[in-house]
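# Structural features, examined
Each chain is listed here by its residues.
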Amino acid sequence: MGNEQMIAKRPNKVIYRDGDTTVKLFDPTYAAADVLNEALNLARVGDADTPLHIPRLKEVTKIDGQWAILYEYVEGESLANLMMAHPEKYDEYLNLFVDLQMLVHKQCVPLLSKLRDKMQGKISASGLDATLRYELHTRLEGMPRHNKLCHGDFNAANIIITASGDPYILDWSHVTQGNASADVARTYLLYCLKGLNEEAERYLSLYCRKSDTARQYIQKWMPIVAASQLVKRKPEEREFLTSWASVVEYE
């Protein structure tokens with residue numbers, strides 16, 4: 001890759017910097033429809049009239065026969081790194097994190113896919129037994145219908161703080177419109193999957209307090225988001241996620 005700077009390497013993609021551009025290069029087996037849908041999501045969110053800072057989509061192309069999405073490189077430090085480097089400022093950073101997620105949820109981008117439809121499909125593909133899938137489908141169908149902007153992978157590593165203090169939100173590949181509490185439940189789950197249970201509780205308590213949302217309401221989404229995570233087929237997560245998905249009622 002010459003003088004390019006590696007940012008991240010994952011099983012099916014490589015992300016690197018090339019000057020003022022971030023290049024997300026996908027594995028040859030990655031479906032073209034999934035690449036194009038991710039680019040479309042970024043374009044739709046970026047083109048919407050919102051106060052959010054979002055990297056600008058530049059191009060969708062092929063590099064040596066592999067699909068690639070090119071977008072604006074954002075210079076700065078991730079909020080995750082700042083939290084680790086400055087534990088004395090953790091509460092300040094957590095407040096910023098929650099405020100930013102609440103700001104996301106106040107936006108509306110009508111052309112995005114519906115969170116409910118995506119979740120129904122993932123429950124069907126979760127590999128759980130038919131009885132549990134039926135219970136989860138039924139629970140999801142009974143949840144209130146909203147059209148709020150839901151990031152889908154909102155975690156501190158996806159937030160870059162620039163030198164001027166602007167928070168940029170990265171990785172809109174999982175974005176949908178739907179119920180914000182599902183998005184919160186997923187963020188809570190991401191903490192737990194990393195073993196950060198104390199941080200997960202601090203996050204959820206702060207979000208509930210600042211947004212005036214009942215904890216029980218968000219907890220109703222926990223089995224649904226756990227089931228949806230099972231489609232990633234990570235063996236090390238399956239037992240944990242299945243136990244979450246199997247909870248019929250938290251109360």
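Residues numbered from 1 in each chain as written. Predicted model: local features only at pLDDT ≥ 70, side-chain atom pairs only at ≥ 80, totals over all residues. Heavy atoms only, no water.

## With respect to the overall build of the protein chain
What counts here: For helices the rule is a DSSP run of H or I covering at least 4 residues; for strands it is a run of E covering at least 2, with both sets numbered from the N terminus onward. We take the radius of gyration over the C-alpha atoms and set the globule estimate at 2.2 Å times the residue count to the 0.38 power. Whether a residue is buried, partly exposed or exposed follows from its accessible area with a 1.4 Å probe, protein chains only, as a fraction of its type maximum: under 20%, in between, or over 50%, in that order. Any two residues whose heavy atoms approach within 4.5 Å are treated as being in contact.
The helix and strand inventory of the protein chain stands at 10 helices and 10 strands. Against the compact-globule benchmark of 18 Å for 251 residues, the protein chain has a radius of gyration of 18 Å, which places it among compact chains. C-alpha extents for the protein chain along the principal axes are approximately 55 × 45 × 35 Å. Evaluated residue by residue, the protein chain yields a buried proportion of 47% over its 251 residues. Taking the contacts inside the protein chain whose residues are at least 6 apart along the sequence as the reference set, 67% of them involve residues at least 24 apart.

## Details of the sheet that holds strand β2 (residues 13-18)
Quick note on the threshold: A pair of strands is considered paired only if DSSP assigns at least 2 bridges between the two. Note on geometry: axes are C-alpha line fits, over the in-contact stretch for helices, and angles between N-to-C directions span 0 to 180 degrees.
Spatially, the five strands line up as an open sheet ordered β1-β2-β3-β5-β4, and their pairing is antiparallel. The sheet is open, and its two borders are formed by β1 (5-10) and β4 (57-63), each paired with just one other strand. Averaged over all adjacent pairs, the angle separating strand axes in this sheet is 20°, with direction ignored. Relative to β2, β1 runs antiparallel, the two being bridged by five bridges. Bridge pairing in β2 places A8 opposite I15.

## What about the packing of helix α4 (residues 115-124) against helix α9 (residues 222-229)?
Where we set the bar: Should the near helix be turned anticlockwise from the far one by less than a right angle, the crossing is left-handed, and should it be turned clockwise, the crossing is right-handed.
Closest axis-to-axis distance for the α4/α9 pair is 8 Å, and the angle between their directions is 65°. Considering how the two elements wind past one another, α4 and α9 form a crossing that is left-handed. Taking contact as the criterion, the partners of M119, K122 and I123 in α4 are, on α9, I224, V225, A227 and S228.

## Let's talk about the nonpolar core
Defined as follows: Among the buried residues, those of types Ala, Val, Leu, Ile, Met, Phe, Trp, Tyr and Cys that are joined through side-chain atoms within 4.5 Å form a nonpolar core.
F97, L149, W172 and Y203 are the most contacted members of the largest nonpolar core, which has 67 residues in total. Those residues within four positions of L149 in sequence are excluded, and the remaining contacts are V45, L52, V104, H105, Q107, V109, L112, W172, V175 and T176. Of all hydrophobic cores here, the second largest spans six residues; its members include V14, Y16, V23 and L70.

## Observations regarding the packing of aromatic side chains
Counted only if it meets this: Aromatic pairs are defined between Phe, Tyr and Trp rings, using the six-membered ring for Trp, whenever the two ring centres lie within 6.5 Å; interplanar angles under 30 degrees are classed as stacked, those over 60 as edge-to-face, and all others as tilted.
By the definition in use, this model includes seven aromatic pairs. Measuring from centroid to centroid gives 4.6 Å for F26 and Y30, while their planes differ by 45°, and the two rings are tilted. Both residues of the pair, F26 and Y30, count as buried. Ring plane angle 40° and centroid distance 5.1 Å describe the contact between F240 and W244, whose orientation is recorded as tilted. With a gap of four residues between them, F240 and W244 both fall in helix α10 (residues 235-245), about one helical turn apart. Among the residues examined, W244 registers a relative accessible area of 12% and is labelled buried. Pairwise contacts between aromatic rings join F97, F154, Y191, Y203 and Y207 into one cluster.

## Some points on the sheet that holds strand β6 (residues 77-78)
Spatially, three strands are ordered β6-β8-β9 in an open sheet, and the strand pairing comes out antiparallel. Here the strands that pair on one side only, and so sit at the sheet edges, are β6 and β9 (167-169). By the bridge criterion, two bridges tie β6 to strand β8 (residues 159-161) in an arrangement that is antiparallel. Looking at the pairing, E77 lines up with I161 of β8.

## Let's talk about the side chain of E38
Note that E38 resides in helix α1 (residues 32-47). Relative accessible area serves as the criterion here: at 9%, E38 is assigned to the buried category. The contacts of E38, once residues within four sequence positions are left out, are K24, F26, Y30, I69 and S173.

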